[in-house]
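Listed below, chain by chain, are the residues.
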Amino acid sequence: MAKETTAAPPDSTPHQGERCHTGNQLCMPEDSRKRAARRLAIARGHLESIRLSLEKDDVYCVDVLRQIKAVQGALDGAATVILRGHLEAHVATAATRGDEKERVDELMEVLKYV
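How each quantity is defined
- Residues numbered from 1 in each chain as written.
- Predicted model: local features only at pLDDT ≥ 70, side-chain atom pairs only at ≥ 80, totals over all residues.
- Heavy atoms only, no water.
- Helix = DSSP H or I, 4+ residues; strand = E, 2+ residues; numbered from the N terminus.
- Buried < 20%, exposed > 50% of the residue type's maximum accessible area, 1.4 Å probe, protein only.
- Contact = heavy atoms within 4.5 Å.
- Salt bridge = Lys/Arg side-chain N within 4 Å of Asp/Glu carboxyl O.
- Axes fitted to C-alpha atoms, helices over the stretch in contact; angles between N-to-C directions.
- Parallel < 35°, antiparallel > 145°, perpendicular 65-115°, else oblique.
- Left-handed = near helix turned anticlockwise from the far one by under 90°.
- Nonpolar A, V, L, I, M, F, W, Y, C, P; charged D, E, K, R; others polar.
- Core = buried A, V, L, I, M, F, W, Y, C linked by side-chain atoms within 4.5 Å.
- pLDDT = per-residue confidence, 0-100.

Caption draft 1: Expanded view of the overall build of the chain. Each helix and strand counted, the chain has four helices and zero strands in total. When the helices and strands of the chain are placed in sequence order, the string is α-α-α-α. Burial status across the chain gives 20% buried among its 114 residues. Of the contacts formed within the chain by residues at least 6 apart in sequence, a portion of 60% connects residues at least 24 apart.

Written out as structure tokens, the structure is:
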């Protein structure tokens, strides 16, 4: 009987510039994930502060508006981090992969919301 060998599974970790956004996998450098998560945590804290302040009788409208602006700023910061990661990992390398049109179309769609 022939001895059965098993090959090690191929490395499924995408490298920068490879098409790693197939399926449900989010392709983003770990540093970008951490920075985006940090900004979202800041937004969450500000949002909770707004919610709690609205339960008080003496809340000042301008203070609430400032906090809302802080939440918007934190969300914008997170979006910027994620967009930069996408540009570096996918758009800047599209010509090498041959999917320039798809990445440009995708980016034009995303920019509608930015």
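Caption draft 2: Quick peek at the pattern of salt bridges. Taken as a whole, this structure holds ten salt bridges when the rule is applied. Here Arg-51 ties to Glu-55 by a salt bridge, and the two come within 2.9 Å at their closest N and O atoms. Using a relative accessible area of 41% as the deciding quantity, one classes Arg-51 as partly exposed. The closest approach of N and O atoms between Asp-99 and Arg-97, which form a salt bridge, is 3.2 Å. On the basis of relative accessible area, Asp-99 is assigned to the buried category, the value being 3%.

Caption draft 3: Expanded view of the packing of helix 2 (residues 61-91) against helix 4 (residues 100-111). At their nearest, the axes of helix 2 and helix 4 sit 11 Å apart, and the two run at 165° to each other. In terms of orientation, helix 2 lies roughly antiparallel with respect to helix 4. Regarding helix 2 and helix 4, the two cross each other, and that crossing is left-handed. Taken together, the residues of helix 4 that come into contact with helix 2 (itself represented by Leu-83, His-86, Leu-87, His-90 and Val-91) are Arg-103, Glu-106 and Leu-107. Residues that form the contact of helix 2 with helix 4 fall into these classes: four nonpolar, two polar and two charged.

Caption draft 4: Expanded view of the nonpolar core. Counting residues in each nonpolar core, the largest one holds five residues, listed as Ala-43, Ile-50, Val-64, Val-71 and Ala-74. Elements that contribute at least two residues to this core include exactly helix 1 (30-53) and helix 2. For this core, the element with the most residues is helix 2, which contributes three residues. Beyond its immediate sequence surroundings of up to four residues, Val-64 is in contact with Ile-50, Ser-53, Leu-54 and Val-59.

Caption draft 5: How the structure looks around the environment of Leu-75. Within the secondary structure, Leu-75 is located in helix 2. Sequence separation between Leu-75 and Arg-44 is 31 residues, and the spatial gap between their C-alpha atoms is 9.5 Å. The contact partners of Leu-75, leaving out residues within four places of it in the chain, are Leu-40 and Ala-43.

Caption draft 6: Highlighting the confidence of the model for the chain. Looking at the chain as a whole, the pLDDT averages 79, with 77% of positions reaching at least 70. Mean pLDDT values over the elements of the chain span from 83, in helix 3 (residues 94-97), up to 92, in helix 1. Note that pLDDT drops below 50 for residues 1-19; the model gives that stretch twelve contacts with residues more than four away or on any other chain.

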